[in-house]
Structure formats: C-alpha cells, structure tokens
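# Structural overview for review
The lines below spell out each chain.
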Amino acid sequence: MTELTHYIGGAHVKGTSGRFADVFNPATGEVQAKVPLASAAELAQAVEVAAKAQPAWAAVNPQRRARVMMKFVDLLHRDMDKLAEALSREHGKTLPDAAGDVQRGLEVVEYCIGAPQLLKGEYTDAAGPGIDMYSMRQPLGVTAGITPFNFPAMIPMWMFAPAIVSGNAFILKPSERDPSVPLMLAELIEEAGLPKGILQVVNGDKEAVDAIIDHPVIQSIGFVGSTPIAEYIYGRGCSNGKRVQCFGGAKNHMIIMPDADMDQAADALIGAGYGAAGERCMAISVAVPVGDATADALIERLIPRIEKLKVGPYTAGKDVDYGPVVTAAAKANILRLVESGIAEGAKLVVDGRDFNLQGYENGFFVGPHLFDHVTKDMEIYRKEIFGPVLSTVRAQSYEEALGLAMDHEYGNGTAIFTRDGDTARDFASRVNVGMIGINVPIPVPLAYHTFGGWKKSVFGDLNQHGPDAFRFYTRTKTVTSRWPSGIKEGSAFNFKPMD
C-alpha cells in the first residue's frame, strides 16, 4: 500500500493528522494508495512557508519568471507518458484522454510565457502640469486553488501557472481521489527552476478547504467542482475578504438543426457525450434535435455508434473509447439517475445497466446509455449526471430549442450544428451561455481566450486562463507623480487645472 504525501517547502511531507482517504484503481475497484487529509494546522504550515518564499519570487522580474515556465513546458513534454499513465491509473481515463488532460494544461503554461507582455501596466505622461500617471500590476501574495478529480493535471495548471508567473505563491488542494499527478507537477516545476515554497500541494477534504477559505494570509481562491460547493466557497470566501472565482455544474445542450450533417452531428455527440465516461464539465449531455424527422434520423445514427463503443481499462490499448467512472459512489448515482429517467417516462433506447466487463467485475464501469423523449421536468434533464448518459429532448422549432438552453439553470457550454450561417449567428448572439460551439461539440477555448460559463455554472466575475487569469491573480496600483522643477512653490490644496 502506497502512502502518499503533501508537498511543502520543496519536499514530500507525510501527513500528521492521522486521517487518510483511499485512492482506488477505478478499473479494478482495489485500493492502491492512501492519501493524507490535512488538518488546519498542516494547511497553516504550508501557508507560512509560502508567505516567506513569495516576496523574493515577486521581486524576480517577469522575464525570468517566464523562463521557468519555458523549462516547465519542456519537462511536461519529456514526462508526458509518465504523467498520463499515473493519471489513468487513478482516474480511469484512457491514455490518449489522459495525455490530452496534460496537454491542455501545458498550453496554458505556454501562454504564461508571455507574462512580461501581459503584466505590463499603462502610462500617461503630462496628465497635468508636470504630472505623470502610471499603473502597475502586482501580485496578490499567497493564493490557493481547490481542483476537481476529473482533470487532475489540466485544471491545477490552469490555476497555478498564471498565479505563479504573476509573482504569487500558490497552495494547491487537489482532489483526494487522484492526487498523484499534482504532486508530480510540483516536482517538475521546481526542476524547471521554481524556488521551493512557491507551489505547495496540500491534500485534504472539507477541513482543508475550510482552512483555505478562512486563512487570513490567503488572498484569492480558485475552485472547480459542483455548484453547491462553488456557492459555499464563493460566499464564505468573499465574506472573508478574498478574491474568489468558482466554477460549478453544467448541463450542456447541443442543438441539431434539420439542415445539419447528421453523420457529423452523431459522431460529435458520441465523442462529446461519452468521452471520459461523461465526466467532463463540458460534456454534451443533452441532444436537442429540431423536428421529429431530425430526431428520428439522429437516433437512427446514434444507436449503432453507441453499441460499438469499447469500454475498458486504459491498459487494454488505445482503441478503448472510455474507461470506468472514478468511484463506486459515482457509478451508483449514475445508475440511480438512469432508473429515475425510466420511472419518469423517458424512453431508454440504449440500455447499459447490465454492462459487465469480464475480469473487471469489481471495477467502476458504466455502460453507455441513450434516452429519447426526455422532457425538461425530468430529473435526468435537470441534474448533471456526470456519466455516460445522453438525453434527447425533441424540440419542434428553433425557438423552442434555443429556449431549452436559455431556461436551464446552468450555462457552461452549448453547441449548435447547422449549415445556415444566419441561424448560427443568431444562436451565438442570443443564447445566455458562456461558451458556444458552432459545429464544434465541446467549445473549450484555447489558452489565450478565457474559459467560463454563465448563470449557476460560475460565481465570480473573472474567468479562467487567458487575459482574465492575469487580472485575477494581480491587483492594479496607480501612481501619480510630479517632479517639480525650478523654484519650489508653496503648498497647494487643489489640483492645478490644465492649461
């Protein structure tokens, strides 16, 4: 049994709370490691180390901080296979999907190499007689992030890379379900030249989360997870005077217009709905074909594609389409929601309830499911399932389809498949959702744009990565300066007006 650690002050540190969580191999159901759950005192120790290290790091010029990111990118490429294998072993993702997890985080690190440009302030000379004004972006100090199980490489890098390159120290509290990759990332970035103590990894549960929220030295908190916890962290964090950005749940709709390429739409739904076993906040979980003829054509194409999906462990090869879900509890919740859909009258077109993988009977595998004739009052429509379950809601018009996406409480991502530019432009303009795909099923922006939803999918006014990340992890200071020349004048009690 492997006993994992925290990473504090540039070293692996054993937990002292006496509390541990099991880390499973989702494919076999076996416990493969135990991870320590930090006490508030252990979290405070990490903050103390970070606070001592941060001023010297902030004094390093942005170009030199960016060079650490350059080297970090090289090391991520070097260890890509090693990171992907560790990620798959604890999360259950296929190896290509795990490598993609690392790659999308790496791309944000690449963007952070541009920190010298992104951290530049503004300058106005001669704002008044002999007066110059300029602004500068300065780091917050000690910052923190609480990240989810479903992207144990990508989302930590989305947070700590811009925070650190901006001159902050960062406390990372990763998911206790798959904590190994965050520990590996901390080692790698120090190998790239980051001073010890700037990135700390503190494993834990609610006790550690509450300690982060309440610690007076921590200036900002980033969070990705469920909406109820996002609301909790946002409310309590803001009341403690911290800068907080929290990203919550999702129910992403994909509208299929009658003029869409049905084969393209079906293929897109397979990848977007079932990839990573549906454990993505940007997964498409609701298909909205417009018109019964469109719906019938779509279902006809989906069924054989779904039935051909290969479900298995990452060790079964790169042709595996998706692996297990992360825990037995996640599997049980998905199957409970499937049963609720049947009970409420939805038609289960593809039934994966009896899926059983020989040799992996104790694994957390869930077969693919496809519902048709789902209505918006059903629990499977209202709630985020976070599993390989696709619901089809038939709309009779474009306006009805648009209304479904707009009326749902979540507003993370949405997509439309159509050949008509006017319809696509209208959809993108009107829908109240943060990330839009036009003939793109999972519209995750690239690193130099920002990622973030609307409505109950987000709490806070700044998004992740892109320019918003540098705004979130810095505060602006504005300086008004005057250098008198000639004979010194007497005191003035008002601004001298400009000529």
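Just above sits the structure.
In short, a report on the structure. Everything numeric in this text was worked out from a predicted model, so none of it was measured. (Residues numbered from 1 in each chain as written. Predicted model: local features only at pLDDT ≥ 70, side-chain atom pairs only at ≥ 80, totals over all residues. Heavy atoms only, no water.)

This paragraph deals with the overall build of the protein chain. Along the protein chain, the regular secondary structure elements total 16 helices and 23 strands. Over its C-alpha atoms the protein chain spans a radius of gyration of 25 Å, differing by no more than 12% from the 23 Å that the globule rule assigns to 499 residues. Projecting the C-alpha coordinates of the protein chain onto the three principal axes gives extents of approximately 90 × 60 × 40 Å. Counting all 499 residues of the protein chain, 56% fall into the buried class. Considering only residue pairs separated by 6 or more positions, the protein chain has 73% of its internal contacts joining residues 24 or more positions apart. Accessible surface computed for the protein chain: about 20500 Å², of which carbon and sulfur atoms make up 52%. (Helix = DSSP H or I, 4+ residues; strand = E, 2+ residues; numbered from the N terminus. Rg over C-alpha atoms; globule rule 2.2 N^0.38 Å. Buried < 20%, exposed > 50% of the residue type's maximum accessible area, 1.4 Å probe, protein only. Contact = heavy atoms within 4.5 Å. Areas by Shrake-Rupley, 256 points an atom, 1.4 Å probe, with all protein chains shown as cover.)

Turning next to the sheet that holds strand S20 (residues 435-438). Read from one edge to the other, the open sheet built from seven strands follows the order S15-S16-S17-S14-S13-S19-S20, with strand pairing classed as mixed. Unpaired on one side and paired on the other, strand S15 (347-350) and S20 mark the two borders of the sheet. Averaged over all neighbouring strand pairs, the angle between strand axes comes to 20°, with direction disregarded. Where strand S13 (residues 252-256) and strand S14 (residues 284-289) come together, five bridges link them in parallel fashion. When the bridges of S14 are listed, Ile-255 appears paired with Val-288. Sitting on the sheet, helix H11 (residues 292-307) touches S13, S14, S15, strand S16 (369-372) and strand S17 (389-392), and the angle it makes with S16 is about 165°. Against the sheet, helix H12 (residues 328-343) touches S15, S16 and S17, its axis set at about 25° to S16. (Pairing = 2+ DSSP bridges. Axes fitted to C-alpha atoms, helices over the stretch in contact; angles between N-to-C directions.)

Time to look at the side chain of Asn-463. Position of Asn-463 relative to the elements: it lies in the loop between strand S22 (458-459) and helix H16 (467-472). Given the relative accessible area of 19%, Asn-463 is considered buried. Sequence-distant contacts of Asn-463, defined by excluding residues within four places in its chain, comprise Gln-245, Phe-247, Thr-450, Phe-451, Gly-452, Asp-468 and Ala-469.

On to the pairing of strand S11 (residues 218-224), then. Counting buried residues along S11, six of its seven residues qualify, which places the element largely inside the surrounding structure. Here strand S8 (residues 142-146) runs beside S11; their pairing, made up of five bridges, is parallel. Bridging from a neighbouring strand, Gly-145 pairs with Gly-222 of S11. Judged from the five bridges that link them, S11 and strand S12 (residues 243-247) form a sheet pairing that is parallel.

Moving on to the packing of helix H10 (residues 262-274) against H11. Running from N to C, H10 and H11 cross one another at 55°; their axes reach a closest spacing of 9 Å. Put simply, H10 runs oblique to H11. You can see that H10 and H11 cross each other, and the crossing is right-handed. Of the residues in H11, those touching H10 at Met-262, Asp-263, Ala-265, Ala-266, Asp-267, Leu-269, Ile-270 and Tyr-274 are Thr-294, Ala-297, Leu-298, Arg-301, Leu-302, Arg-305 and Ile-306. Residue composition of the contact of H10 with H11, by class: 10 nonpolar, one polar and four charged. (Parallel < 35°, antiparallel > 145°, perpendicular 65-115°, else oblique. Left-handed = near helix turned anticlockwise from the far one by under 90°. Nonpolar A, V, L, I, M, F, W, Y, C, P; charged D, E, K, R; others polar.)

Here the structure, examined in full by the defined rule, presents three cavities of 30 Å³ or more. Put simply, the largest cavity is a space of about 100 Å³. Surrounding the largest cavity, 15 residues form its lining, Gly-278, Arg-280, Ala-283, Ser-285 and Phe-386 being those nearest its centre. Classifying every residue of the lining of the largest cavity by side-chain character gives seven nonpolar, five polar and three charged. (1 Å grid on protein atoms, 1.4 Å probe; cavity = no way out; pocket = protein on both sides within 12 Å on 5 of 7 lines; lining within 4 Å. Points joined across faces, edges and corners; volume = space filled by probe spheres on them.)

Okay, the layout of surface pockets next. Reported here for the largest pocket is a volume of approximately 1000 Å³. Around the largest pocket, the lining is made up of 39 residues, and of these Phe-149, Arg-177, Gly-225, Ser-226 and Ile-229 lie nearest the centre. Secondary-structure elements contributing two or more residues to the lining of the largest pocket are helix H8 (206-214), S11, helix H9 (227-239) and H12. When residues in the lining of the largest pocket are grouped by element, the largest group, six residues, is from H12. Each residue belonging to the lining of the largest pocket can be placed in one class, and the counts come to 20 nonpolar, 10 polar and nine charged.

This next bit is on the nonpolar core. Grouped together as the largest cluster of nonpolar side chains are 85 residues, with contacts concentrated most on Phe-72, Phe-160 and Ile-164. Of all the elements, helix H6 (residues 154-165) adds the most residues to this core, at 10 residues. In contact with Ile-164, not counting residues within four places along its chain, are Trp-57, Arg-65, Met-69, Phe-170, Ile-189, Leu-194, Ile-198 and Leu-199. One finds Ala-297, Leu-370, Phe-371 and Val-389 within the second-largest nonpolar core, a separate group that totals 61 residues. (Core = buried A, V, L, I, M, F, W, Y, C linked by side-chain atoms within 4.5 Å.)

To continue, consider the packing of aromatic side chains. Applying the stated criterion across every chain yields a total of 10 aromatic pairs. With 6.2 Å between their ring centres and 20° between their planes, Tyr-123 and Tyr-134 make a pair best called stacked. Taken together, the residues span a long stretch of sequence, with Tyr-123 in strand S6 (residues 123-128) and Tyr-134 in strand S7 (residues 131-139) at a distance of 11 residues. With relative accessibility at 30%, the residue Tyr-134 sits in the partly exposed group. Each residue in the set Phe-72, Phe-160 and Phe-170 is aromatic and connected to the rest through ring pairs, giving one cluster. Here the basic side chain of Lys-34 rests over the ring of Phe-20, its NZ or CZ set 4.7 Å away from the ring centre. (Phe/Tyr/Trp six-rings, centres within 6.5 Å; stacked < 30°, edge-to-face > 60°. Lys NZ or Arg CZ within 6 Å of the ring centre and 35° of its normal.)

Okay, the sheet that holds strand S23 (residues 474-482) next. Here three strands make up an open sheet; going across it, the order is S6-S7-S23 and the pairing antiparallel. The open sheet has two edge strands, S6 and S23, and neither has a second partner. For this sheet the average axis-to-axis angle between neighbouring strands, irrespective of direction, equals 30°. Inspection of the sheet shows S7 paired to S23 by nine bridges, in the antiparallel sense. Paired with Gln-138 across the strands is Arg-475, a residue of S23.

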